[in-house]
Amino acid sequence: METVFDAHVDADLVGRALAASAFGSVWLDIPRPEYPQATGSIICDLVIVGGGYAGLWTALHAAQRNPDRRIVLVEANRIGWAASGRNGGFVDASLTHGLENGKARWPNEIDIVETMGRENLDGMQADIESLGLNTEWQRTGMLSVATEPHQVDWLTDAAAKGEGQLLGLREVRDEVHSPTYLAGLYNPDTCAIVHPAKLAFELARACQEAGVRIYEHTNATHLDAAGVALHVAAGEATVTCRNAVLATNVYPSLLERNRLRTVMVYDYVLATEPLTDAQLDRIGWRRRQGIGDCANQFHYYRLTMDNRIVWGGYDAVYHFGHRVNDRYEDRAATYRRLAAHFFITFPALEDARFTHRWAGAIDTNTRFCAHWGLARDGRVAYVNGFTGLGVGAARFAADVCLDLLEGEPTPRTELEMVRKRPLPFPPEPLASIGIQATRWSLDRADHSAGRRNLLLRTLDALGLGFDS
Ligand SMILES: Cc1cc2nc3c(=O)[nH]c(=O)nc-3n(C[C@H](O)[C@H](O)[C@H](O)COP(=O)(O)OP(=O)(O)OC[C@H]3O[C@@H](n4cnc5c(N)ncnc54)[C@H](O)[C@@H]3O)c2cc1C
């Protein structure tokens, strides 16, 4: 059974549209602040490893909780260069990668987790406003669209459960003019969109203003077994500290125990040139909502402040061997597929051209949302596994890490979601076989009116399934 995205698209159109695209995130194509490399012997109270959102929010909130604390953040490369500078910029209230995923895993506490997620989104907005961070934050809400008949039923069910306002075919197409839309579900409150790299850079600025010392090009290579003395390779610096937070996302954890807890899955994105007013008129989209379709292999897309369309998703590619590697990023077949799907969605934009193409690695665990833990007698906290929904959740994750280090139970640390860790992935080649079989099955489900095969039903029954 074909889906709407199997329609034929002229290869010349796709080739022309991609011909002038540059490889690299559109978000990072702006001036960046620079921070020094660490050298010598550094003494502090708290060191944070990783200069993405999770590390930056941890540093900022640690400084706000205790302004006298000496805080150091070390980043192996540049602030925000990794997932935090490459994502779609959807700031979702969900901490569990969607309500269904959370309900399936933590039915008894999902209401409180949802409340905390909403508070986190509002808190993030309040932090951004009070600190005057220029992040291009827009509380646009989220429009989920059905592009296949069975997805209309899913959206109707979700609307009946109070998860948003159902839009029929005419209403959703009036909102955004795509011939692929059959229905929509709009929730004005649960999502904002943001400029991802500006969020990282502005958080770093706020950290520095709060007294955090930030070092770039400073790769932490070793966590002393005797206590928390962190030996930083670059510049031969050594950081000696009481506590550490590891916010290293897909990169090899300094803790051996975490190596099999996540795998990296590559996600691919395109950005168009800024649309002209005439082009925008052809597609509507005046309320600038974040948009996602409802398939297992889904697309996500949004407008930037200068009216580009950032268009990503669908292919999520796992590479054998469990390693981050730049050579996985420039994947021509995937960019061509994404471009073709763009023109199926917006045939009125056949004159639009892509200026940027890029990819990023997504830190995926077996429960599809962040997990936490403590090591070294409770002096080191870590968070991993945002699985593609970490822009908002990283702020909550930072507070969990700080709560865990403080040692007193809080409503956050009492959550089963925080106390329990996900099952690890098996080593290769089993990981590869299992992940590829699951991806194939999800694609089949999209081509079979959403029906899940035996493998997916078994994973669901074992609490390892994912329903986007
Ligand atoms: C293409 C793409 C699209 C996405 N879209 C969305 C979206 O729209 N909404 C959403 O919510 N989420 C999205 N995500 C996920 C989101 O971007 C991540 O969950 C989030 O950025 C994770 O932040 P982080 O700080 O954990 O990781 P990162 O931003 O990856 O930061 C980790 C940092 O740690 C550093 N580091 C690692 N090891 C060391 C070491 N030993 N020493 C020093 N530094 C180290 C790295 O260099 C890196 O800078 C997307 C991800 C990708 C890749």
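Keep in mind that what you see is a predicted model, and the values were worked out from it rather than measured. (Residues numbered from 1 in each chain as written. Predicted model: local features only at pLDDT ≥ 70, side-chain atom pairs only at ≥ 80, totals over all residues. Heavy atoms only, no water.)

Participant: Even after reading the chapter, I still don't get the overall build of the protein, so can you show me in this structure?
Facilitator: Helices and strands together make up the secondary structure of the protein, namely 13 helices and 19 strands. Taking 23 Å as the expected radius of gyration for a compact globule of 468 residues, we find that the protein reaches 22 Å, a close match to that expectation. Expressed along its principal axes, the backbone C-alpha trace of the protein runs to roughly 60 × 45 × 40 Å. By residue count, 59% of the 468 residues in the protein fall in the buried class. In the protein, the proportion of contacts linking residues at least 24 apart, taken out of those at least 6 apart, comes to 76%. Carbon and sulfur atoms make up 52% of the accessible area of the protein, which totals about 18,900 Å². Separation of charge centres in the protein, based on 47 positive and 58 negative side chains, amounts to 3 Å. (Helix = DSSP H or I, 4+ residues; strand = E, 2+ residues; numbered from the N terminus. Rg over C-alpha atoms; globule rule 2.2 N^0.38 Å. Buried < 20%, exposed > 50% of the residue type's maximum accessible area, 1.4 Å probe, protein only. Contact = heavy atoms within 4.5 Å. Areas by Shrake-Rupley, 256 points an atom, 1.4 Å probe, with all protein chains shown as cover. Lys, Arg positive; Asp, Glu negative; His and termini not counted. Charge placed at Lys NZ, Arg CZ, Asp CG, Glu CD.)

Participant: Would you mind going over the pairing of strand β17 (residues 354-364) with me for this structure?
Facilitator: Each regular strand displays side chains that alternate between the two surfaces of the sheet. Of all 11 residues making up β17, nine are buried, and the element is well covered by its neighbours. Sheet analysis places strand β1 (residues 22-23) next to β17, joined by two bridges and oriented parallel. By the bridge assignment for β17, A22 is matched with H356. Where strand β13 (residues 263-272) meets β17, 10 bridges bridge the pair, whose relative direction is antiparallel. Bridging from a neighbouring strand, V265 pairs with I362 of β17. (Pairing = 2+ DSSP bridges.)

Participant: Would you mind showing me how to read the packing of helix α2 (residues 53-65) against helix α4 (residues 110-131) here?
Facilitator: When two helices pack together, you describe them by how their axes are tilted relative to each other and by the distance separating the axes. In the contact formed by α2 and α4, the axes pass within 14 Å of each other and the chain directions differ by 70°. It follows that α2 is roughly perpendicular to α4 by the angle criterion. Contacts between α2 and α4 involve W57, L60, H61 and Q64 from the first element and M124, D127 and L131 from the second. For the contact of α2 with α4, the residue count by class is four nonpolar, two polar and one charged. (Axes fitted to C-alpha atoms, helices over the stretch in contact; angles between N-to-C directions. Parallel < 35°, antiparallel > 145°, perpendicular 65-115°, else oblique. Nonpolar A, V, L, I, M, F, W, Y, C, P; charged D, E, K, R; others polar.)

Participant: Hey, could you run me through the site of the ligand in this one?
Facilitator: Around the ligand, the surrounding shell holds 36 residues, and the nearest of these are E75, S84, F90, A220 and V391. Contacts to the ligand include G89, whose backbone N or O atom sits 3.4 Å from an oxygen atom. Contact between the ligand and G390: an oxygen atom at 3.0 Å from a main-chain N or O atom of the residue. A total of 1,000 Å² of accessible area belongs to the ligand in isolation, and the protein chains cover 97% of it. Of all the secondary-structure elements, those providing two or more residues to the shell around the ligand are α2, β13 and β17. Residue contributions to the shell around the ligand peak at three residues, all from β17. Taken together, the residues of the shell around the ligand break down into 19 nonpolar, 14 polar and three charged. (Near = heavy atom within 4 Å. Polar contact = N/O pair within 3.5 Å; in protein donor to acceptor, adjacent residues only side chain to side chain.)

Participant: Help me out: how do you make sense of helix α12 (residues 430-446) in this one?
Facilitator: Given 3.6 residues per helical turn, the α-helix brings residues three or four places apart onto the same face. For α12, built from 17 residues, the straight-helix expectation of 24 Å at 1.5 Å per residue is met to within 8% by its first-to-last C-alpha distance of 24 Å. Regarding α12, the residues found buried are A431, S432, I435, S441, L442, D443, A445 and D446. (Expected span 1.5 Å × (residues − 1).)

Participant: Would you mind going over helix α5 (residues 149-160) with me for this structure?
Facilitator: The first and last C-alpha atoms of α5 sit 17 Å apart over 12 residues, in line with the 16 Å expected at 1.5 Å per residue. Of the residues making up α5, those classed as buried are H150, Q151, L155, A158 and A159. Residues of α5 that are buried in the fold lie against β5 (142-146), β6 (165-167), β7 (183-187) and α12. In the stretch just after α5, G162 is the one whose phi turns positive, near 85°.

Participant: I would appreciate a short explanation of empty space enclosed by the protein in the present structure.
Facilitator: Empty space left among the atoms is revealed by rolling a probe the size of a water molecule over them. Within the structure shown, the criterion is met by three cavities of 30 Å³ or more. Of the pockets and cavities examined, the largest cavity occupies roughly 80 Å³. Around the largest cavity sit T3, F5, T147, E148, Q151, A295, Q297, Y314, D443, D446 and H447, which together line it. Its volume calculated, the second largest cavity comes out at about 70 Å³. W81, A82, A83, R86, V250, Y251, Y266, V324, D326, E329, G360 and A361 together form the lining of the second largest cavity. (1 Å grid on protein atoms, 1.4 Å probe; cavity = no way out; pocket = protein on both sides within 12 Å on 5 of 7 lines; lining within 4 Å. Points joined across faces, edges and corners; volume = space filled by probe spheres on them.)

Participant: I keep staring at the sheet that holds β17 and nothing clicks. Help me out?
Facilitator: As a general point, the strands of a sheet are linked pairwise by backbone hydrogen bonds and lie either parallel or antiparallel. Across the sheet, nine strands lie side by side as β1-β17-β13-β16-β15-β14-β5-β7-β6; this open sheet has mixed pairing. Looking along the sheet, the strands with just one partner apiece sit at the ends: β1 and β6. Across the sheet, helix α9 (residues 332-345) lies against β1, β13, β15 (299-303), β16 (309-318) and β17, angled at about 135° from β16, the strand it touches most.

Participant: Honestly, the environment of A375 in this entry has me stumped. Any pointers?
Facilitator: Mapped onto the elements, A375 comes out in strand β18 (residues 371-375). The exposure class assigned to A375 is buried, which follows from its relative accessible area of 3%. When the C-alpha atoms of A375 and L405 are compared, they prove to be 10.0 Å apart, with 30 residues separating the residues in sequence. Once residues within four sequence positions are removed from consideration, A375 is found in contact with L255, R257 and V380.

Participant: Sorry if this is basic, but what is going on with the packing of α2 against helix α7 (residues 196-209) here?
Facilitator: In the contact formed by α2 and α7, the axes pass within 9 Å of each other and the chain directions differ by 30°. By the angle between their axes, α2 is roughly parallel relative to α7. In this structure, α2 meets α7 at a crossing whose hand is left-handed. Where α2 abuts α7, its residues Y53, L56, W57, A59 and L60 lie against P196, L199, A200, L203, A204, A206 and C207. Residue classes in the contact of α2 with α7 are distributed as 12 nonpolar, no polar and no charged. (Left-handed = near helix turned anticlockwise from the far one by under 90°.)

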